[in-house]
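Okay, here's what each chain looks like letter by letter:
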Amino acid sequence: MNTAGHSEATARRGLELTPFRGLRYDPDRVGSLAAVTSPPYDVVVRPDGLHQLQSADPHNIVRLILPQATTPAERNEQAARTLRRWLSEGILAADPDPGLYVYEQRDGDGMLQRGIIGALHLSEPSEGVVLPHEDVMPHVVADRAGLMRATSANLEPLLLTYRGNGSAAAAAEVVERTAEQPPLLATTTEDGFSHRLWSVTEPADVARVQSDLARHQALIADGHHRWATYRRLRAEHPSPGPWDYGLVLLVDTARYPLRVRAIHRLLHGLPVTDALAAVDGLFRVRRLEVPLAQALEALAEAARAGNAFLLAGDGAFHLIDRPDTGVLARTVPADRPAAWRTLDATVLHATLLDHVWHIPEDSPAHIAYIHDTAATVAKAEHDGGTAVLMHPVREEVVRDLARQGVTMPRKSTSFGPKPASGLVLRALDL
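Keep in mind that this is a model prediction, so the values were computed, not measured.

## Here we look at the overall build of the protein
Step number 1: Counting its secondary structure elements, the protein contains 15 helices and 21 strands.
Step number 2: Its C-alpha atoms give the protein a radius of gyration of 22 Å, near enough to 22 Å, the size a compact globule of 430 residues would have.
Step number 3: With the C-alpha coordinates aligned to their principal axes, the bounding extent of the protein is approximately 65 × 50 × 45 Å.
Step number 4: For the protein, the proportion of its 430 residues judged to be buried stands at 56%.
Step number 5: Put simply, 79% of the contacts in the protein that link residues at least 6 apart link residues at least 24 apart.
Step number 6: Total accessible area on the protein stands at roughly 17600 Å², and carbon and sulfur atoms take up 51% of it.
Step number 7: Each charge class in the protein can be summarised by its mean position, and for the 44 positive and 53 negative side chains these summaries are 2 Å apart.

Printed below as a string of structure tokens:
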């Protein structure tokens, strides 16, 4: 995997993964491990999903990753107090020895994913070691930075991918051999995914994994804001030190390909009728009186020919496609690669949000980014807003742009499955 001006052969260094003493729930002190886990903070659909998680168990990890209070300072302090209390009460406890962690996810459809969790040394973008592919929103980075400062912890791993060298690679061999042993924990969450976790503490195995990964680069699949947060906090703290590292899950997609899904938009305060009136004459508009599954099939078919979106919120679906070439020429920046200029996310943000609907993309009061398709539609119908449903971009397009050093519009992709939050945490003061 090459970047502009960088290759795996010429990068100053590759991935530097370090063992750590993981913080984990004591299963005897909580109702169940499944009841204390959560999706990543930015996947939780609020407020319904948040309330459901909070009520699942008084110690659900959502109380740390999404604390609820009036101000950001109060939320961060609340999370810090909660973490200190759970540690003092033994709800969370540090493993006795530093290690890397093998993490496995399975679903009922035969999907299997395995990867390695560890503390990754932070690198500069110019080094071409960790490749972002999306822009970030400054207010989200500031929010996550405040939470990490207050708790002095990495509360959930971000998801990175790399392309390994097949089953003969040392890291793959350690992962597969470890997964044959009894796990530290095993649980099945309500979404049907089973999760298992093992520790790798044998020095020879740790060294084999580290030596293998040192020859690779990684793509950020999920967690751009947390990676930017790690880098911001590293600049604030003395180096060398624990803030030079961040908690990650590394998945070899040569062995375990990820799924790529779209992230949808919910436009607050913009009724569907107004959204459609504004695009009249700029896009072809077709009303679909069909169920969601069929509407998504129509979107996929239209997306094969060019930019296409589904609007919803009034009880029907509206397929908009075939954008006017003139409006694209006026609104989409011309100084980027063609693969970037033709992305649905590019056209959505540059043409529709900025030019047609005049909606600021970084204002939570105007727009929400939601991973679940049905939930996006339901919230739009409930709130009187507009759901904009996206078709997922292909993984090879993401990788190609990342190699060129070109970032996609924010929230362009959703790689998965994502690691469950709450299975292993990293305290920076251990």
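## Quick notes on the packing of helix α4 (residues 72-89) against helix α5 (residues 138-151)
Step number 1: Following both chains from N to C, one finds α4 and α5 inclined at 35 degrees, their axes separated by 8 Å at the closest point. In the packing of α4 onto α5, the handedness of the crossing is right-handed. Across the interface between the two elements, Arg75, Asn76, Ala79, Ala80 and Leu83 from α4 touch Asp143, Gly146, Leu147, Ala150 and Thr151 from α5.
Step number 2: Residue classes in the contact of α4 with α5 are distributed as five nonpolar, three polar and two charged.

## Things to note about the pattern of salt bridges
Step number 1: Evaluation of the coordinates by the stated rule reveals 24 salt bridges.
Step number 2: Three or more residues joined by partner-sharing salt bridges are found here, namely Glu104, Arg106, Arg114, Glu176, Arg196 and Arg255.

## Focus on the sheet that holds strand β2 (residues 22-25)
The pairing of strands in a sheet comes from backbone hydrogen bonds and takes either a parallel or an antiparallel form.
Step number 1: Here we have four strands laid out as an open sheet, ordered β3-β2-β21-β7, and antiparallel in their pairing. Sheet topology places β3 (92-94) and β7 (153-154) at the edges, where each strand pairs with a single neighbour.
Step number 2: Direction of pairing for β2 relative to β3: antiparallel, over a ladder of three bridges. Following the sheet pairing, Leu23 is matched in β3 by Ala94.
Step number 3: Along the sheet face, α4 touches β2, β3 and β7 and points at about 70 degrees away from the line of β3.

## As for the packing of helix α6 (residues 170-178) against helix α7 (residues 203-213)
Step number 1: Where α6 meets α7, the closest approach of the two axes is 7 Å, and the angle between their N-to-C directions is 140 degrees. Considering their axes alone, α6 and α7 lie oblique with respect to each other. Read as a crossing pair, α6 and α7 show a hand that is left-handed. Facing α6, whose interface residues are Ala170, Ala171, Ala172, Glu173, Val174 and Arg177, α7 presents Asp205, Arg208, Val209 and Asp212.
Step number 2: Looking at the contact of α6 with α7, its residues break down into five nonpolar, no polar and five charged.

## Remarks on the sheet that holds strand β15 (residues 284-288)
Step number 1: Spatial strand order, β15-β17-β16-β19-β14-β18: six strands in an open sheet with antiparallel pairing. Edge positions in the sheet fall to β15 and β18 (367-370), since each of these pairs with one other strand and no more. Adjacent strand axes in the sheet meet at a mean angle of 25 degrees, parallel and antiparallel pairs treated alike.
Step number 2: As judged from the three bridges shared by strand β14 (residues 264-267) and strand β19 (residues 386-389), these two strands associate in the antiparallel manner. Residue pairing for β19: Leu267 is matched across the bridge by Thr386.

## Notes on the pairing of strand β12 (residues 245-252)
Step number 1: For β12, a buried count of seven out of eight residues is recorded, marking the element as mostly surrounded by other parts of the structure.
Step number 2: By the bridge criterion, six bridges tie strand β5 (residues 112-121) to β12 in an arrangement that is antiparallel. By the bridge assignment for β12, Ile117 is matched with Leu249.
Step number 3: By the bridge criterion, five bridges tie strand β8 (residues 158-162) to β12 in an arrangement that is parallel. By the bridge assignment, Leu158 is partnered in β12 with Val248.

## Concerning the confidence of the model for the protein
Step number 1: On average, residues of the protein score 92 in pLDDT, and 96% of them are at 70 or above.
Step number 2: This stretch, residues 1-11, has a pLDDT under 50; its non-local contacts, to residues over four places away or in other chains, come to 27 contacts.

## Quick word on the packing of aromatic side chains
Step number 1: Scanning the entire structure with this criterion turns up four aromatic pairs.
Step number 2: Each ring, one from Tyr25 and one from Trp86, has its centre 6.1 Å from the other, and the planes form 50 degrees; the classification is tilted. Taken together, the residues Tyr25 in strand β2 and Trp86 in helix α4 connect sequence positions 61 residues apart. For the pair shown, Tyr25 and Trp86 are each scored as buried.
Step number 3: Cation over ring: Arg144 sits above Tyr41, and NZ or CZ is 3.9 Å from the ring centre.
Step number 4: A cation over an aromatic ring shows up here: Arg336 above the ring of Trp340, its NZ or CZ 4.4 Å from the ring centre.

## Considerations on helix α14 (residues 373-383)
Because an α-helix packs 3.6 residues into every turn, residues spaced three or four apart end up facing the same way.
Step number 1: Turning to α14, its buried residues are Thr373, Ala375, Thr376, Val377, Lys379 and Ala380.
Step number 2: The N-capping residue of α14, defined by a side-chain oxygen 3.3 Å from the backbone nitrogen of Ala374, is Asp372.
Step number 3: Remark: Gly384 follows α14 within two positions and exhibits a positive phi of approximately 80 degrees.

## Focus on the pairing of strand β4 (residues 100-106)
Step number 1: Along β4, six of the seven residues are buried, which leaves the element largely enclosed by surrounding structure.
Step number 2: Bridge count for β4 against strand β10 (residues 194-200) is seven bridges, and the pairing is antiparallel. The residue bridging Val102 from the neighbouring strand is Trp198, located in β10.
Step number 3: Here β4 runs beside β5; their pairing, made up of six bridges, is antiparallel. If you follow Val102 over to β5, its bridge partner there is Ile116.

Reading guide: rules and limits
In this convention, every chain numbers its residues from 1, walking through the sequence in written order. Side-chain atom pairs in this predicted model are given and counted only at pLDDT of 80 or more, local residue features only at pLDDT of at least 70, and totals for whole chains, interfaces and linings cover all residues. Each side-chain value is derived from all of the structure's non-hydrogen atoms; neither hydrogens nor water enter the calculation. Labels follow the DSSP assignment, with helices taken as runs of H or I lasting at least four residues and strands as runs of E lasting at least two, numbered in each case from the N terminus. In this description the radius of gyration comes from C-alpha coordinates, and the expected globular size is given by 2.2 Å times residues to the power 0.38. A 1.4 Å probe rolled over the protein chains alone gives each residue an accessible area, and that area as a share of the maximum for its type sets the label: buried under 20%, exposed over 50%, partly exposed in between. Any two residues whose heavy atoms approach within 4.5 Å are treated as being in contact. Computed with the Shrake-Rupley method and a 1.4 Å probe, the accessible areas treat only the protein chains shown as cover for residues. Counted as positive: Lys and Arg. Counted as negative: Asp and Glu. His and the chain ends are not counted at all. Charged groups are reduced to one reference atom each: NZ for lysine, CZ for arginine, CG for aspartic acid, CD for glutamic acid. Geometry is summarised by axes, namely lines fitted to C-alpha atoms with helices restricted to the contacting stretch, and by angles between N-to-C directions that run from 0 to 180 degrees. Crossings are classed by handedness, with left-handed meaning an anticlockwise turn of the near helix from the far one by less than a right angle and right-handed meaning a clockwise turn. Three classes are used: nonpolar for Ala, Val, Leu, Ile, Met, Phe, Trp, Tyr, Cys and Pro, charged for Asp, Glu, Lys and Arg, and polar for all others, with Gly counted as polar. Salt bridges are identified by distance alone: a Lys or Arg side-chain nitrogen within 4 Å of an Asp or Glu carboxyl oxygen. DSSP-based pairing: two strands are paired if at least 2 bridges between them are found. Orientation categories follow fixed angle ranges, with anything under 35 degrees roughly parallel, anything over 145 roughly antiparallel, 65 to 115 roughly perpendicular, and all other angles oblique. The quantity called pLDDT is the predictor's confidence in a given residue, expressed from 0 to 100. The aromatic pairing rule takes the rings of Phe, Tyr and Trp, using the six-membered ring of Trp, and pairs them if the centres are within 6.5 Å, calling planes under 30 degrees apart stacked, those over 60 edge-to-face and the rest tilted. Either the NZ atom of lysine or the CZ atom of arginine qualifies as a charge over a ring when it sits within 6 Å of the ring centre and within 35 degrees of the ring normal. Pairs of N or O atoms within 3.5 Å make up the polar contacts considered here, provided that, within protein, one atom can donate a hydrogen while the other can accept it, and that residues adjacent in sequence are counted only when both atoms are side-chain atoms.

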